[in-house]
Structure formats: C-alpha cells, structure tokens
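Letter by letter, the chains look like this.
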Amino acid sequence: MAKVSPSILSADFANLGRDVKMAVEAGSDMIHVDVMDGHFVPNISIGVPVVKSLRKATDGFLDVHLMISQPERYIDAFMDAGADLINIHLEAEGDMAAMLAHVRERGVKAALTIKPATPAQSVFPYLPLLDMVLVMSVEPGFGGQSFMPDSLDKVRALRAEIDRQGLDCLIEIDGGVNLKNAPEIVAAGTDILVAGSAVFGAPDPAEAIRTLKRL
Ligand code: DX5
Ligand code: ZN
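Residues numbered from 1 in each chain as written. Chains lettered and ligands numbered in written order. Predicted model: local features only at pLDDT ≥ 70, side-chain atom pairs only at ≥ 80, totals over all residues. Heavy atoms only, no water.

A. Examining the coordination of the zinc ion (ligand 2) more closely. For the zinc ion (ligand 2), the full set of protein donor atoms is H32 (NE2), D34 (OD), H65 (ND1) and D174 (OD), at a range of 2.0 to 2.3 Å. Written as a sequence motif, the donor residues of the zinc ion (ligand 2) are H-x1-D-x30-H-x108-D. Of this pair, H65 sits in strand β3 (residues 62-67) while D174 is found in strand β7 (residues 170-174), placing the two residues 109 residues apart along the sequence. With relative accessibility at 8%, the residue D174 sits in the buried group. (Donors = N, O, S within 2.8 Å, 3.2 Å for Na, K, Ca; no water. Helix = DSSP H or I, 4+ residues; strand = E, 2+ residues; numbered from the N terminus. Buried < 20%, exposed > 50% of the residue type's maximum accessible area, 1.4 Å probe, protein only.)

And the structure:
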C-alpha cells in the first residue's frame, strides 16, 4: 500500500485547518508543507508561523519540504514549530551531513530532496543519514505541473542502492502525481506519494486520498 502526503500548496489557505483535518481523516500518512523563499525557487509560499498553527490544529505527521537557499538558518525554527520531518534540498547551501545529523539529534526525521537535474547517485553517500529521500518529479516552485517520467529511473536507482546498503530509508516523490500515473510510480519503488492538485483539485479530495492509498 502506498503512503500519501497531500501537499497543502493546493489547499485553500483561508481554510487550511479544515483541509488538513479532512486529509488526516481520509487516511493521509503525512501532510506535505511546501516552504518557498522566493530565492531557491521563483515563488513564495508559507513559513514557520503556519507550521506552528498547523501543529495546534492536527496530530498529523508534518512533512516539511524546505525549498529555501539557507536551510541551516531556519531548521531549528521549523522543528520548534512542530515539524515531524525536515526535508532539505541537496542543491541548497550548507553542510548537508551536519544539518541532517542535527535534525535527527532533535528526534525529528531527516530527509534530502533532489531537483530533476540532480542525479540520484549524488544522494548515495548520504543515505545512511536519511529517513527519507524525496525525488522531485517537476521543477520545484509550483503545483499543477506535469510529471517528468525520467524521475522513475531515479526512484529505481535509489531503491536498488537503499536495498544494497540494507537501509531503512523511504522514497517519496513530489510533482505531477495523479490517479492515472500513480500505479507506475509505486511500481518503480516509491513509498510515499506527494499530491497537491490531484487531491485538493479533485471533486472529492478525501476520495482521491483513499484511491491513492489503495495502490
Ligand atoms: C512543488 C511542490 C509540490 C507541489 C506538488 O514545488 O514541492 O509539493 O505542491 O503539486 P502537484 O501535486 O500539483 O504537482
Ligand atoms: Zn513539495
């Protein structure tokens, strides 16, 4: 069974508490929170105060995807706010191994994310430090883009290496996931599907979550 992490980027920000409650009640394994700084990606979304408010509104697992240039400056604030998982881009600035170790020392799950142009192999040295690796299947910055099929080769390469090293590291995919392409994405070895528009843009978002989870 696939795990699902609906991206609130496509939720109704004026009714975020309601949308997150719906997503958790429908069986979401995580809630994906997209943080953008207008520098690492050409868009600005939400930050620490929103995570803090979400933490009060839900017991759901908060999967915080940091699309920011200087994660080191902010990871403690996001953990203080209640993030359950901190997801840093490999292409961002700073000492990745040190940041990941720091996150884990605080009892929070640690993840690395790669953009479409970054090879899967660049994550291999970090795998033992990770609870999860996120493969971006669109250029980060916006919801509603089309899935890049090449990302499935990266999932397969990561799955093979994680198994070869005997590690307990989950693979998440983010961008362009929908009910149609999800079976193939799961078959490639993906554990967790992030879905924004496919969930919150669906006529029945709760049903979309349940359908994705059944895969
Ligand atoms: C894009 C974000 C994604 C986005 C996915 O930069 O990281 O999480 O919300 O949206 P969809 O599922 O609509 O492609
Ligand atoms: Zn994301």
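B. Examining the site of ligand 1 more closely. Inspection of the region around ligand 1 gives 20 residues, with S7, D34, G141, D174 and S197 positioned closest. Contact with the protein chains covers 100% of the free accessible surface of ligand 1, which is 380 Å². Secondary-structure elements contributing two or more residues to the shell around ligand 1 are β2 (31-36), β3 and β8 (192-195). For the shell around ligand 1, the element with the highest residue contribution is β2, accounting for 3 residues. Looking at the shell around ligand 1 residue by residue, the classes come out as 8 nonpolar, 10 polar and 2 charged. (Near = heavy atom within 4 Å. Areas by Shrake-Rupley, 256 points an atom, 1.4 Å probe, with all protein chains shown as cover. Nonpolar A, V, L, I, M, F, W, Y, C, P; charged D, E, K, R; others polar.)

C. Molecular detail of the nonpolar core. By size, the foremost hydrophobic cluster in this structure holds 66 residues, and its most contacted members are I8, V33, V64, I86, V123 and L158. For I8, the residues in contact, after removing those within four places along its chain, are F13, L16, V20, I31, H32, V33, I46, L54 and F200. (Core = buried A, V, L, I, M, F, W, Y, C linked by side-chain atoms within 4.5 Å. Contact = heavy atoms within 4.5 Å.)

D. Focus on the sheet that holds β7. The strand order across the open sheet built from 8 strands is β1-β8-β7-β6-β5-β4-β3-β2, with neighbouring strands paired in parallel fashion. With partners counted over all chains shown, the strands left at the sheet margins are β1 (3-6) and β2, one partner each. Going across the sheet, the axis of each strand differs from the next one's by a mean of 25°, ignoring polarity. One ladder, built from 4 bridges, connects strand β5 (residues 109-114) with strand β6 (residues 132-136); its direction is parallel. By the bridge assignment for β6, A111 is matched with M132. Most of the contacts of helix α2 (residues 48-57) go to β3, to which it runs at about 175°, and overall it touches β2 and β3. Packed on one face of the sheet, helix α4 (residues 96-105) meets β4 (85-89) and β5 and runs near 150° to β5. (Pairing = 2+ DSSP bridges. Axes fitted to C-alpha atoms, helices over the stretch in contact; angles between N-to-C directions.)

These results come straight from atomic positions and should not be treated as a statement about function.
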